Amino acid sequence: MGDKLKRRAFVRKIVEGTASVVMLSVCGPMRSLVGASEEAEAPAYDATKHYYGMGVQIDKCIGCGRCADACKSENNVPREPFYFRTWVERYVIDNEREVHVDSPGGGIHGFPPPATEEDVLRSFFVPKLCNHCDHPPCVQVCPVGATFKTQDGVVLVDQDYCVGCRYCIQACPYGARYLHPEKHTADKCTFCYHRITKGMLPACVEVCPTQARVFGEIKGRSSPLHRLMKMEEIQVLKPELNTEPKVLYTKLDGEVR
Amino acid sequence: MSFLRGRLGRSKVDSSKQAVGGNSPVKKRNLSIGKVPDQAVRIGTVFILAIGAAVALRQHFIPESFGELGHYRANAIPVIAGAKLHYAGWQKCGECHEDQLNKKMGGFHKALSCETCHGPAYDHAVVDPTDTEATPKIPRNREFCLTCHSYLPSRPTGFPQIIELQHNPMEPCVKCHNPHDPAAQAEAPACSGCHGEIARTKAISHHSLLRCETCHATPPEHKENPRQNLPKKPTNREFCGQCHAEGTPTSGTLLGVDLSTREIPKVDLATHGNTYLCWQCHYPHDPEGK
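Please read these numbers as outputs of a predicted model, since none were measured by experiment.

## Some words on the overall build of chain B
The number of helices and strands found in chain B is eleven helices and two strands. Shown N-terminal to C-terminal, the secondary structure of chain B runs as helices and strands in the order α-α-α-α-α-α-α-α-α-α-α-β-β. The buried share among the 290 residues of chain B stands at 14%. Restricting to contacts in chain B with at least 6 residues of sequence separation, those with at least 24 account for 43%.

Structure (C-alpha cells):
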C-alpha cells in the first residue's frame, strides 16, 4: 500500500514538474512584458485591494430611469429599447394579488400612469443590472474564457476574445446580458470598470437623484455600501441559485423575481 | 501440423529472398541507437513531434496573457479599464461653476449630480471647455422635470410629485422653481399655482374677472406656511350684497370691474333665500346662470 502511494506521488511530481517547466518557458517572458505595460498605465490601482458591490434601495427608487439613460451614454450601449446594461422594472401588485411587471424602454422615458389606480394594492420600482455574482454561471459556461471575474470581484467580458456564441446570455439567470448588435459579442454591466478603477462612481450611481444606488467596497472597509449592509436588511435576487450576487437590495418585495 | 506449417512458411520466404536480392544486405533501414530497439525510436520520434506540435499550437492559439490571472486574457482588463469617460462627476463641475453648486447644495436638489439634468459633461469639463458642441444642455421643458415629479402610485410616499393636469398645466416648471433650489420661492406663484382647479373653474365663470383676493383676504405668510396662515372667506350675506343687492350702483367701477358692461343679477337681500347664506345655494367660483 505504502509502496503504491509513493509511486503515485512520484509520478504526480514528475508530471507537475514537466508542466510547470513548459508553462514557465511559454508564459514567463510574456508576463514580464504585460506587467510593465500595465504598471505604466495605471500605477495607483491595485485590484487585489478592492472588492466591489452595489446596494439598491427599493424604497428610494422613483423610477425616473436616469440610471438606464446614463448607462447608455457612458458605455455606448445602443439606444434601441432592447439593449440594456441596467434598466428599471415597475412592479404593480393588484387587489387580486396578481403581479404585473413592465419596463417600457427600460424606464428611460419614465413610466405611463397605470390604467386603474384603485386596483393597485402596492407598487414599486426595481432597478436591475448585472449582479456580479461571486459564483457566476456565465463565466462557467463560456467556451473560450472571454468572460471572467476579476480580482476585484467584477465580472467582465473580453470584447476582443468573445466569439458571440450567446451561451452566457442563456446562462445568466438575471437576464443581464445582451448581444451587442454591432460588435456581435456579449455585453453587460461592468460596474463602469473604467470609472471605478479611477476612483469614480459608476455612471448610474453618479446620476441617481435619490441615492437609491449605493456603490462601494463589499469587504470590511468603511464605505457607503458597508454601512448599508450593516444598517439594513439585505436581500439578493434568486438566492436559491447560490450565485451569491454582489448587487444587494433593501426592502425587496417577495414578489420580485 | 502447425509446426509443419511454420516450417513451410519460413522456407517460402527464404526462397523468395534468394530469388529477388541475391546477396544484398537485409538490414538497410536500421534506426536503432545503441541498444534501443527500432520500434521504441519510432514511437519516441512520434511523441516528440506531437509534443512539439502541441507546444507550437498552444503558442499560436492561446492568446498572450491568457491564464495569468485566471482562465482569461489578463490584457483585456486594461482595455476595459481604459474605455472613454463620459460623466465627469459633480466635483469637476464645481471647480468652475462654484456658485451654482453652492446654491444647489443648499436646496432640495442637493443630492442630485449636475449631470443628472445636464447630461454627460466629461468632454466639456475635462477635455475642452471651449468646445461649444460639448456644452451641456439645459433642460427647460416641463416634460423633463416630470420624469421625476409626475405623480405615479409606484413612487415612494413623500417624494414631491404633481398631478400634471392640475399643477399649472402647460407652464414650464422653471417659471416658478429654480432647479438649483426648487423650494417654493419668495416670489411665490399665483393662487392658481396651488389651487389650479378652482382657478380654472372660475376662469370660465361669471366671476372670471374677480381676483381671488377680492373675496379671500390672504395674509402674505400664506405662501410660505399655507396651513398656518389660511386666507379669509366671506362670512355674511352682506359681502355678496355689495354687488348683488338691489339698489347697488349699476354704473361706474367696483372692485376693478366696469359695471356698465356687466349685467349683474340683483336680489332683495331681505326676502331672497330666507336665512341661508349665499354660498349655501350658489357656488361662488362658478355661479349659475351663464
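Past the structure itself, the notes keep going.
## So, the overall build of chain A
Of the regular secondary structure elements, chain A holds seven helices and eleven strands. Taking all 257 residues of chain A together, 39% fall into the buried category. Here the analysis covers contacts within chain A between residues at least 6 apart in sequence; of these, 62% occur between residues at least 24 apart.

## What about the pairing of strand β4 (residues 120–129) of chain A?
All names here are of chain A. Of all ten residues in β4, seven are buried; the element is thus mostly enclosed. As paired strands, strand β2 (residues 86–94) and β4 are joined by nine bridges and run antiparallel to one another. Paired with T86 across the strands is L129, a residue of β4.

## Digging into the sheet that holds strand β3 (residues 99–102) of chain A
All names here are of chain A. Reading across from one edge, β3-β2-β4 is the order of the three strands in this open sheet, with antiparallel pairing throughout. Each edge of the open sheet is held by one strand with a lone partner, namely β3 and β4. Pairwise comparison of adjacent strand axes, ignoring direction, gives a mean angle of 20 degrees for this sheet.

## Here we look at helix α2 (residues 66–75) of chain A
Across the ten residues of α2 of chain A, nine count as buried, placing the element largely inside the fold. For α2 of chain A, the set of buried residues is R66, C67, A68, D69, A70, C71, K72, E74 and N75 of chain A. For α2 of chain A, the elements touching its buried residues are β2, β4, α6 (203–207) and β9 (213–217) of chain A together with α6 (114–118) of chain B. Count one or two residues on from α2 of chain A and you reach N76 of chain A, which has phi positive near 50 degrees.

## Details of the nonpolar core
Nonpolar side chains tend toward joint burial in soluble globular proteins. Formed by 71 residues in total, the largest nonpolar core has its most connected members in F191 and C204 of chain A. Each residue touching C204 of chain A, except ones within four places of it in the same chain, is listed here: C67, A70, C71, T86 and R213 of chain A.

## Some remarks on the environment of Q57 of chain A
Residues and elements named next belong to chain A. When you line up the elements, Q57 lands in strand β1 (residues 52–57). As for Q57 and E232, which are separated by 175 residues in sequence, their C-alpha atoms are 9.5 Å apart. With residues near it in sequence (within four places) discarded, Q57 still touches A212, T250 and K251.

## A closer look at unusual backbone geometry
For Q211 of chain A, which is not glycine, the phi torsion reads 55 degrees and is therefore positive. Mapped onto the elements, Q211 of chain A comes out in the loop between α6 and β9. With phi around 70 degrees, S65 of chain B is a residue other than glycine that occupies positive phi space. Among the secondary structure elements, S65 of chain B is positioned in the loop between α2 (38–61) and α3 (76–81).

## Structural notes on the confidence of the model for chain A
Keep in mind that low pLDDT regions are not for reading the predicted coordinates in detail. When the pLDDT values of chain A are averaged, the result is 87; 85% of them are 70 or greater. Confidence drops under pLDDT 50 across residues 26–42 of chain A; counting only partners more than four residues distant or on other chains, this segment forms 15 contacts.

## Digging into the interface of chain A and chain B
Taken together, the contacts link 50 residues of chain A with 41 residues of chain B. Looking at the side of chain A that touches chain B, the elements with two or more residues in it are α1 (2–41), α2, β2, β4, α5 (193–196) and α6 of chain A. Sort the elements by how many residues they give to the side of chain A that touches chain B and α1 of chain A lands first, with eight residues. Its residues assigned to classes, the side of chain A that touches chain B comprises 24 nonpolar, 13 polar and 13 charged.

## A few points about the pairing of β2 of chain A
Residue and element names in this part refer to chain A. Bridge count for β2 against β3 is four bridges, and the pairing is antiparallel. Opposite I93, over in β3, you have V99 as the bridge partner. Taking the residues between adjacent antiparallel strands as the criterion, β2 and β3 are bridged by four residues, where R97 takes a positive phi near 65 degrees.

## Quick look at the sheet that holds strand β11 (residues 247–250) of chain A
Residue and element names in this part refer to chain A. Strand order across the open sheet formed by four strands is β9-β1-β11-β10, with mixed pairing between neighbours. Looking at which strands have only one partner, the edges of the open sheet turn out to be β9 and β10 (234–235). Bridge count for β1 against β9 is five bridges, and the pairing is antiparallel. Residue pairing across strands places V56 opposite R213, the latter belonging to β9. Across the face of the sheet, helix α7 (residues 224–231) comes into contact with β1, β9, β10 and β11 while running at roughly 110 degrees to β9.

## A look at the environment of A125 of chain B
All names here are of chain B. Tracing the backbone through its elements, the reader meets A125 in helix α7 (residues 122–127). Placed 37 residues apart in sequence, A125 and A88 show a C-alpha to C-alpha distance of 6.8 Å. In this view, A125 contacts A88, K92 and C93; residues no more than four positions away in its chain are not counted.

## Some points on the confidence of the model for chain B
Residues at a pLDDT of 70 or more form 86% of chain B, whose mean pLDDT is 83. This stretch, residues 1–22 of chain B, has a pLDDT under 50; its non-local contacts, to residues over four places away or in other chains, come to zero contacts.

## Let's talk about the environment of C114 of chain B
As for its position among the elements, C114 of chain B is in helix α6. Separated by 25 residues in the primary sequence, C114 of chain B and G89 of chain B place their C-alpha atoms 7.7 Å from one another.

What counts and how
- Residues numbered from 1 in each chain as written.
- Chains lettered and ligands numbered in written order.
- Predicted model: local features only at pLDDT ≥ 70, side-chain atom pairs only at ≥ 80, totals over all residues.
- Helix = DSSP H or I, 4+ residues; strand = E, 2+ residues; numbered from the N terminus.
- Buried ≥ 20, exposed ≤ 12 C-beta atoms within 10 Å, placed from the backbone.
- Contact = placed C-beta atoms within 7 Å.
- Pairing = 2+ DSSP bridges.
- Axes fitted to C-alpha atoms, helices over the stretch in contact; angles between N-to-C directions.
- Core = buried A, V, L, I, M, F, W, Y, C linked by C-beta atoms within 7 Å.
- pLDDT = per-residue confidence, 0-100.
- Nonpolar A, V, L, I, M, F, W, Y, C, P; charged D, E, K, R; others polar.

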